Every structure is written in C-alpha cells, then in structure tokens.
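# Commentary on secondary and tertiary structure
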Amino acid sequence: NRKYKNRMKEIFELVEELSKKLGRPINDLDDVRDSMAALGKIRSKEIEIDMVIGPIEDSYAMLNKYELPLLKEEAEIVDTLRYAWEKVLSQGSQVQSHLVEIQPKFKRTLLENVCTFRSEV
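Description of the structure in this document. (Residues numbered from 1 in each chain as written. Predicted model: local features only at pLDDT ≥ 70, side-chain atom pairs only at ≥ 80, totals over all residues. Heavy atoms only, no water.)

This next bit is on helix H2 (residues 29–65). In this model H2 runs 50 Å from its N-terminal to its C-terminal C-alpha over 37 residues, within 8% of the 54 Å that 1.5 Å per residue would give. Along its length, H2 shows its largest kink, about 50 degrees, at Lys45. Residue Asp28 occupies the N-cap position of H2, its side-chain oxygen lying 3.2 Å from the main-chain nitrogen of Asp30. Looking one or two residues past H2, Glu67 carries a phi angle of roughly 55 degrees, positive in sign. (Helix = DSSP H or I, 4+ residues; strand = E, 2+ residues; numbered from the N terminus. Expected span 1.5 Å × (residues − 1). Bend = angle between axes of the 7 residues up to and from the residue. Polar contact = N/O pair within 3.5 Å; in protein donor to acceptor, adjacent residues only side chain to side chain.)

All right, on to the pattern of salt bridges then. In this structure the tally under the stated criterion is ten salt bridges. In this structure, the salt-bridge partner of Lys5 is Glu74, at a minimum N-O distance of 3.4 Å. Of this pair, Lys5 sits in helix H1 (residues 2–23) while Glu74 sits in helix H3 (residues 72–120), and the two are 69 residues apart along the sequence. A residue is classified by how much of its surface remains accessible, and Lys5, at 24% relative accessible area, is partly exposed. The salt bridge partner of Arg43 is Glu46, with a shortest N-O separation of 3.6 Å. Residue Arg43 and its partner Glu46 are both found in helix H2; the two are separated by three residues, about one turn of the helix. Arg43 gets classed as partly exposed once you look at its relative accessible area, which sits at 40%. Overall, the relative accessible area of 23% leaves Glu46 in the partly exposed class. Where salt bridges share partners, they join Arg7, Glu10 and Glu48 into one cluster. (Salt bridge = Lys/Arg side-chain N within 4 Å of Asp/Glu carboxyl O. Buried < 20%, exposed > 50% of the residue type's maximum accessible area, 1.4 Å probe, protein only.)

As a further point, take the side chain of Asp31. Its place among the elements puts Asp31 in helix H2. Buried and unpaired, Asp31 has no salt bridge, with Arg24 as the nearest side chain of opposite charge at 6.8 Å. From its side chain, Asp31 meets the backbone nitrogen of Asn27 in a polar contact 2.8 Å long. Those residues in contact with Asp31 that sit more than four places away from it in its chain are Pro25 and Ile26. (Lys, Arg positive; Asp, Glu negative; His and termini not counted. Contact = heavy atoms within 4.5 Å.)

Let us look at the side chain of Glu74. Glu74 sits in the buried class, given a relative accessible area of 6%. Looking at Glu74, its side chain comes within polar contact range of the side chain of Tyr60, at 2.7 Å. Excluding its chain neighbours within four sequence positions, the residues that come into contact with Glu74 are Asn1, Lys5, Met8 and Tyr60.

Moving on to the nonpolar core. By size, the foremost hydrophobic cluster in this structure holds 29 residues, and its most contacted members are Ile56 and Trp85. Elements with a contribution of two residues or more to this core: H1, H2 and H3. (Core = buried A, V, L, I, M, F, W, Y, C linked by side-chain atoms within 4.5 Å.)

Set out below in structure tokens:
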C-alpha cells in the first residue's frame, strides 16, 4: 500500500503543478515556453500515469472493501485522482489550441523584432 500511496501523491503533485503552469496567461515568449514545457511533460508522462491510476484505485478499493484503516486524506485524493488527471489533459488540449491561435501573432512580432535588430546592427 505504501508503494501506491507514494505513487498517488507523486501523481497528484504533478497534476497540481501542471494545472498551475497551464492556467497561467500567455503574454510573451517565456509564457509560451513554459506552456510548451508543461505540454511536453504531459505527453511524456501520459501513458505511465494512465497505467498506474487504475491499480492505485483498485488497491484503495480493496482496502475499503475489507474495511482496513485508511486516512481520510488518502481516500479523498484517490477519489479525485483520475478526474484531476483528465482535467489536466483537457486543460492541456485547450492550451495547445490557444497556442495554435496565437502563433501567428508571436511569429509576426518575432520577425518584426529581427528586422529591427538587423537594421540597428
């Protein structure tokens, strides 16, 4: 149970971190970079997390079924873990769509700045 408890906490912390990063407004290239890094982290961890959430839920369901002692905090986390992960995946898709929408604006600004830089140098 300790193995799943630790794994569950790791996933929940990752979900919270990614949610915060994806929730930030995108105003400049640094924000774009941060959002892209968060999207990359989601993609790199997606299969692993999807494979682990089921066994974690099963483990806690078995503990509950046999009425073994379980911390209320752990029960709440395991109950919301899949929902939180799916919410981050959805949030990631929204951010990715938003990046596609704002890409031309940032590209235009970048090209203008490069032209200005060339003329000054």
